[in-house]
Number of protein chains: 2
Amino acid sequence: MIGTVTTRADAQALDAADPLAAFRDRFTGDGPDGSWDDGPDRRLYLDGNSLGRLPRATPAAVARVVEQEWGAGLVGSWSQWVSQAGRVGDALAAGVLGARPGEVLVSDSTSIDLFKLLVAGCDARPGRDVVVCCADDFPTDRYVVAGVAAQKGLTVREVAADIDAGLDLDVLAAALDGRVAVVVLSLVAYRSGALVDLAAVTALAREHGALVLWDLSHAAGSVEVDLDAGGADLAVGCTYKHLNGGPGAPAFLYVRRELQADLRQPVWGWFGQRDQFAMGPEYDPAPGVDRFAVGTPPVLATAAVEVGVGITAEAGIAAVAAKGRALTDLLVALADERLPALQLASPRDAARRGAHVSFAHPQAWQLTQALVDRGVVPDFRTPDRVRFGPAPLYTRFVDVFDAVERLADVLATGAHEGYPTRRSRVT
Amino acid sequence: MIGTVTTRADAQALDAADPLAAFRDRFTGDGPDGSWDDGPDRRLYLDGNSLGRLPRATPAAVARVVEQEWGAGLVGSWSQWVSQAGRVGDALAAGVLGARPGEVLVSDSTSIDLFKLLVAGCDARPGRDVVVCCADDFPTDRYVVAGVAAQKGLTVREVAADIDAGLDLDVLAAALDGRVAVVVLSLVAYRSGALVDLAAVTALAREHGALVLWDLSHAAGSVEVDLDAGGADLAVGCTYKHLNGGPGAPAFLYVRRELQADLRQPVWGWFGQRDQFAMGPEYDPAPGVDRFAVGTPPVLATAAVEVGVGITAEAGIAAVAAKGRALTDLLVALADERLPALQLASPRDAARRGAHVSFAHPQAWQLTQALVDRGVVPDFRTPDRVRFGPAPLYTRFVDVFDAVERLADVLATGAHEGYPTRRSRVT
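Being a predicted model, the structure only gives us computed values, none of them experimental.

Student: An account of the overall build of chain A is needed here, citing residue identities and associated values.
Tutor: Helix and strand content of chain A: 13 helices and 13 strands. Taken against the 2.2 N^0.38 rule, which gives 22 Å for 427 residues, the C-alpha radius of gyration of chain A at 22 Å falls within 12% of a compact globule. Along the first, second and third principal axes, the C-alpha atoms of chain A reach 70 × 55 × 40 Å. Classification of the 427 residues of chain A by burial places 59% in the buried group. Taking contacts inside chain A between residues at least 6 apart in sequence as the whole, the part at least 24 apart equals 73%.

Student: With reference to specific residues and values, describe the pairing of strand β10 (residues 357–360) of chain A.
Tutor: In summary, the side chains of a regular strand alternate between the two faces of the sheet. Residues and elements named next belong to chain A. Bridge analysis of strand β9 (residues 343–344) against β10 gives two bridges, and the strand direction is antiparallel. Along β10, the bridge assignment pairs L344 with F359. In terms of strand pairing, β10 meets strand β13 (residues 385–388) through four bridges, oriented antiparallel. Counterpart to A360 in the pairing with β13 is R385.

Student: Would you mind going over the interface of chain A and chain B in detail, with residue names and values included?
Tutor: Interfaces are frequently sized by the accessible area removed from exposure as the parts join. The interface is formed by 64 residues belonging to chain A together with 64 residues belonging to chain B. Taken together, the residues of the side of chain A that touches chain B break down into 37 nonpolar, 21 polar and six charged.

Student: Tell me about the environment of V5 of chain B, and name the residues and values.
Tutor: Residue and element names in this part refer to chain B. For V5, the location among the structural elements is in the segment before α1 (8–16). Take V5: there are 21 C-beta atoms within 10 Å of it, and that puts it in the buried class. Counting along the chain gives 392 residues from V5 to F397, while the straight-line C-alpha distance between them is 10.0 Å. Discounting residues that sit within four places of it in the chain, V5 has contacts with D10, A11, L14, L330 and A333.

Student: Go over unusual backbone geometry, please, and point to the residues and values.
Tutor: Backbone torsion omega between T382 of chain A and P383 of chain A reads -5°, so that peptide bond is classified as cis. Within the fold, P383 of chain A resides in the loop between β12 (379–381) and β13. Even without glycine at this site, M279 of chain A takes up a positive phi of about 50°. Position of M279 of chain A among the secondary structure elements: in the loop between α9 (257–260) and α10 (299–315). With a phi angle near 50°, D108 of chain B is a residue other than glycine that sits in the positive phi range. Structurally, the position occupied by D108 of chain B is in the loop between β2 (104–107) and α5 (110–123).

Student: Describe in detail the packing of helix α2 (residues 58–72) of chain B against helix α10 (residues 299–315) of chain B, supporting the description with residues and values.
Tutor: Residue and element names in this part refer to chain B. Direction vectors running N to C along α2 and α10 enclose 150°, while the axes themselves pass 9 Å from each other. As judged from the angle between their axes, α2 and α10 are roughly antiparallel. Our pair here, α2 against α10, has a crossing hand that is right-handed. Counting all contacts with α2, which are made through T58, A61, V62, V65 and V66, the residues of α10 involved are V299, L300, A303, A304, E306 and V307.

Student: With reference to specific residues and values, describe the sheet that holds strand β8 (residues 251–255) of chain A.
Tutor: All names here are of chain A. Spatially, β2-β8-β7-β6-β5-β3-β4 is the arrangement adopted by the seven strands of the open sheet, whose pairing is mixed. At either margin of the open sheet sits one strand with a lone partner, and together these are β2 (104–107) and β4 (155–159). Across the sheet, the mean angle separating the axes of adjacent strands is 20° when strand polarity is ignored. Looking at chain direction, strand β5 (residues 180–186) and strand β6 (residues 211–215) are connected through five bridges and run parallel. Bridging from a neighbouring strand, V182 pairs with L211 of β6. In the packing of helix α8 (residues 198–207) onto the sheet, contacts are made with β5 and β6, and the angle to β6 comes to roughly 150°.

Student: Could you give an account of the relation of the copies chain A and chain B, with specific residues and numbers?
Tutor: Relating one copy of the chain to the other takes a rotation about an axis and a shift parallel to that axis. By a simple turn and slide, chain A fits onto chain B: the slide is 0.0 Å along the axis, the RMSD is 0.0 Å, and the turn is 180°. Both copies are brought into coincidence by an operation consistent with a two-fold rotation axis. No C-alpha of chain A lies nearer the rotation axis than that of A301 of chain A, which sits 3.1 Å from it. The overlap is high: 100% of the interface residues of chain A also sit at the interface in chain B, so the same surface is used on both sides.

Student: Quick rundown of the domain arrangement of chain A? Include the residues and the values.
Tutor: Residues and elements named next belong to chain A. Its domain assignment divides chain A into domain 1 (2–55 + 317–418) and domain 2 (82–314). Between the C-alpha centres of domain 1 and domain 2 the distance comes to 29 Å. Listed per partner, the contact involves 29 residues of domain 1 and 27 residues of domain 2. Mapped by element, the contributors of at least two residues to the side of domain 1 that touches domain 2 are α11 (317–338), β10 and β13. At five residues, α11 tops the list of elements feeding residues into the side of domain 1 that touches domain 2. Along the lines of polarity and charge, the residues of the side of domain 1 that touches domain 2 split into 13 nonpolar, nine polar and seven charged.

Student: Before we move on, can you summarise the packing of helix α11 (residues 317–338) of chain B against helix α13 (residues 397–413) of chain B with the specific residues and values?
Tutor: Residues and elements named next belong to chain B. Here α11 crosses α13 at 30°, and the two axes come no closer than 10 Å. The orientation of α11 relative to α13 falls into the category roughly parallel. Seen along the crossing, α11 lies across α13 with a hand that is right-handed. Contact residues: α11 offers L327, L330, L331, L334, A335 and R338, while α13 offers F397, V400, F401, V404 and A408. When its residues are assigned to classes, the contact of α11 with α13 shows ten nonpolar, no polar and one charged.

Student: Kindly report on the nonpolar core, identifying the contributing residues and their values.
Tutor: Grouped together as the largest cluster of nonpolar side chains are 296 residues, with contacts concentrated most on L118 and V131 of chain A together with L118 and V131 of chain B. Not counting chain neighbours up to four residues away, the residues in contact with V131 of chain B comprise C122, V145, V148, A149, L154, V156, A181, V182 and V184 of chain B.

Student: Any chance you could break down the pairing of strand β4 (residues 155–159) of chain B for me, citing the residues and the numbers?
Tutor: All names here are of chain B. As paired strands, strand β3 (residues 130–134) and β4 are joined by five bridges and run parallel to one another. The partner of V131 across the bridge, within β4, is V156. The parallel pair β3 and β4 is bridged by helix α6 (residues 139–152), and the resulting crossover is right-handed.

Student: Pulling in residues and values, what's your account of the sheet that holds strand β13 (residues 385–388) of chain B?
Tutor: Note: strands within a sheet are paired through backbone hydrogen bonds, in either parallel or antiparallel orientation. Residues and elements named next belong to chain B. Reading across from one edge, β9-β10-β13-β12 is the order of the four strands in this open sheet, with antiparallel pairing throughout. Strand pairing shows two members of the sheet lacking a second neighbour, β9 (343–344) and β12 (379–381), which therefore form its edges. Pairing between β12 and β13: three bridges, direction antiparallel. Across the sheet, R381 pairs through a bridge with R385, a residue of β13. Strands β9, β10 (357–360) and β13 of the sheet are contacted by α11, whose axis makes an angle of about 20° with β10.

Cut-offs and rules
Residues numbered from 1 in each chain as written. Chains lettered and ligands numbered in written order. Predicted model: local features only at pLDDT ≥ 70, side-chain atom pairs only at ≥ 80, totals over all residues. Helix = DSSP H or I, 4+ residues; strand = E, 2+ residues; numbered from the N terminus. Rg over C-alpha atoms; globule rule 2.2 N^0.38 Å. Buried ≥ 20, exposed ≤ 12 C-beta atoms within 10 Å, placed from the backbone. Contact = placed C-beta atoms within 7 Å. Pairing = 2+ DSSP bridges. Nonpolar A, V, L, I, M, F, W, Y, C, P; charged D, E, K, R; others polar. Axes fitted to C-alpha atoms, helices over the stretch in contact; angles between N-to-C directions. Parallel < 35°, antiparallel > 145°, perpendicular 65-115°, else oblique. Left-handed = near helix turned anticlockwise from the far one by under 90°. Least-squares fit on C-alpha atoms with pLDDT ≥ 70 in both. Domains from an automatic or database assignment. Core = buried A, V, L, I, M, F, W, Y, C linked by C-beta atoms within 7 Å. Right-handed = clockwise from strand over helix to strand, strands pointing away.

Given below as structure tokens:
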């Protein structure tokens, strides 16, 4: 059906039939008082995979925690706060990640959680001295791997991935052997959106006795993830992208229940301690997923995460993922037809993508700036990509249609030519 | 003057002369709409050293970041957010910590920051295999030290401290030798409030070639800290106690400017990277204090920290610390006179204390519960301590007076006897 969209009315018809259409009103728009501006000059925000929009319920939820729980409740509110990280984790587990209760914890940042679980995973595979990661993975993943390897005297084996098509399982298979302790891999590639098969990679690694530590940052809330059925052992991810938890929102970590007792993470903080308030002399990690906690949890920020996770869970991740495929299919089809200067830099098959797609263009940096000035918000990604993340919960098909129109206009008029070329510092 | 306070009117006279009296109205009270309830049954919150009160300006500051910067600005707000952690760090440096610009960063949790700087410090002292910590220090400090030592094959040398009087410098000196890489120590002890001499400890450690990693959690915002003049090399601390940043607020870290280029922390995240958005292949730590950052910073939570830090800076840390000494002096003097069943478990000399004091009582747990039920909020601390933290910015002398009255009444009537004894889990 997507392939037949050639007019704005066709896109509007898709919106009329969209089962998730009502969820747009759960988010703050760009009109007065957060209403949705549906006018022709409205902002077309296609960067929800970088920073998700603000849910309408979030300001009140945060204000309640600030004013009631902190302001009025003071230390008495700790009786609620001590269970917050696990409660939101369980909501994520059930509604978004296909995990069981007691397997997911909201904590720290994605980078910190990666570090914690990578060290824990390597320590759980004594005698093995290799960590496998993908040469094209997100910088923080590669840097954390390099840092852990440097400190533990491990070897990093980087596997090459096609920066458009993603990682080939045969390439990964060739990198696996009895020396590999842990494979670190993003389920959805940050640039191309390429999606790998969680169950297949997990099974492949397991054949060689290795653990996989998944980075779900671009996957959580955009594709169906089934950690439990897929046999996943370890995962981390971000909540400020498709989960709409807010800038720098706390991350999540997942550890398969059966592994928890055997794993110890390296940062021995008091929130990971059994019987924490006894303040005993020796560190004795808590049973269960709490042992992967470290310091006092970020209560205000986690309140925002809870709202975002709740919306995705209510919409249903299957429906969200289906709409993500449809929106990106539409973008690809329209680009094929109207944007010949752009080259698709993502898998063409929607089943092999997350909810974002990239296009290559020699002047991608200038194009991105020209689009932002025309109210279309994509992301530039090195080396020459424009990346679009039409978040399913609040992006309409007509928004994608209009964004392509504006992009076609920029290209037709050469408006981007007037923008400066990229300098090394991008903010 | 404090020693002569024997009536409520005397305490009221101290309040009338208090140069910080107006700062109370910067905080939310327990009356309607956050006003201050000054009635006889009001809550007497003496736990500001555990969780500081809500500044009146915080809800609006957080709402502005949520609604304007996130909701309306979306990714465009990153141009402000990238400098937030350093901007609030610089405010802390100048107003609270006696540090220079570019030496303090708001980041992660105290436990995580301790871990980062402890590993960095140990790595900066190659060939040394001992970490010194205090056997009576806060649990997370001891646990983090134990975890780092276990992973790096170091030996922990615990020095004993008097749990009331704090650490004796001669005891510390006896534990120092050429094997010591880092000394981890709280400037203000979490239980007794005992304050050690920052410059003296730093100089002592330096004689032996060791670094001191200070935990300023109970010191920041309660005593005058002069990291620069004191020669401090490394420090971390908490912002949710006397800095009133909110539950689980991000912590801060300090690294002396001259040391920064030689130190590398172990969690190599993308926010510690030079030219971060180039997303280059190799981790290359940023120059300056930014290299101690890790993941995407917690923007919403840091907005609350900024408000809290600003109030302390405006009040002036010298005035805040002076009032802290006066409030705790009053508490000690009144306890001497009216609470013979309690034994002071903190230094008697205010110059050797932070802004909290503890008392020992065999039924400390039951006493704490009885007080909470009578609107006085202290903290129980093992093994048999009741700890009072009358935060100088919003606690009046008359509040301390009235708290002692209620405590005297509990002891006189034996009301605490009816409370259950402590079970291992305290929440």
